[in-house]
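Summary of the model geometry
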Amino acid sequence: MNVWTAIALTAVGCYLAKLLGLLVPAGALERPLVQRLSALLPVALLAALTAQQTFGDGQQLVLDARGAGLAAAALALVLRAPFLVVVGAAVVVTAGVRALG
């Protein structure tokens, strides 16, 4: 497959997905179940992406410094630290574990 063919097919697919979203009736979007799911879906997708990027390496489960950094960030979030402190804690702990290992 040519690169430009793949780009064109992706563009058409994105346009059709957007069009499909616009064609959904408003009544279907106002249902309480749909509203609850639409509020929770981004959180679930971000959590899955974070878990996959942290603990996945191809087809293997990997426990390394990234897991320690994620745990440090989670602890900082539980302690209600500001965002930059959360990111800084994750960076420092990940770098420290990598330096020790």
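Going by an unreviewed UniProt entry, the protein chain carries the name AzlD domain-containing protein and comes from Streptomyces sp. 900116325.

This part takes up helix α1 (residues 3–23). The end-to-end C-alpha distance of α1, which contains 21 residues, comes to 30 Å, matching closely the 30 Å that a straight helix rising 1.5 Å per residue would cover. Capping the start of α1 is the job of one residue whose side-chain oxygen sits 3.2 Å from the backbone nitrogen of Trp 4: Asn 2.

For the rest of this paragraph, the subject is helix α4 (residues 65–78). When the terminal C-alpha atoms of α4 are compared, their 20 Å separation across 14 residues agrees well with the 20 Å that a helix rising 1.5 Å per residue should span. Three or more residues of α4 are buried, namely Ala 65, Gly 67, Gly 69, Ala 72, Ala 73 and Ala 76. In this structure, the buried residues of α4 make contact with α3 (32–55) and α5 (83–100). The positive-phi residue at the C-terminal boundary of α4 is Arg 80, with phi of around 60°.

In this fold, Thr 94 is placed in helix α5. A polar side-chain atom of Thr 94 sits 2.7 Å from the main-chain carbonyl oxygen of Ala 90. Apart from the residues within four sequence positions on either side, Thr 94 is in contact with Ala 65, Arg 66 and Gly 69.

Basis of the calculations
- Residues numbered from 1 in each chain as written.
- Predicted model: local features only at pLDDT ≥ 70, side-chain atom pairs only at ≥ 80, totals over all residues.
- Heavy atoms only, no water.
- Helix = DSSP H or I, 4+ residues; strand = E, 2+ residues; numbered from the N terminus.
- Expected span 1.5 Å × (residues − 1).
- Polar contact = N/O pair within 3.5 Å; in protein donor to acceptor, adjacent residues only side chain to side chain.
- Buried < 20%, exposed > 50% of the residue type's maximum accessible area, 1.4 Å probe, protein only.
- Contact = heavy atoms within 4.5 Å.

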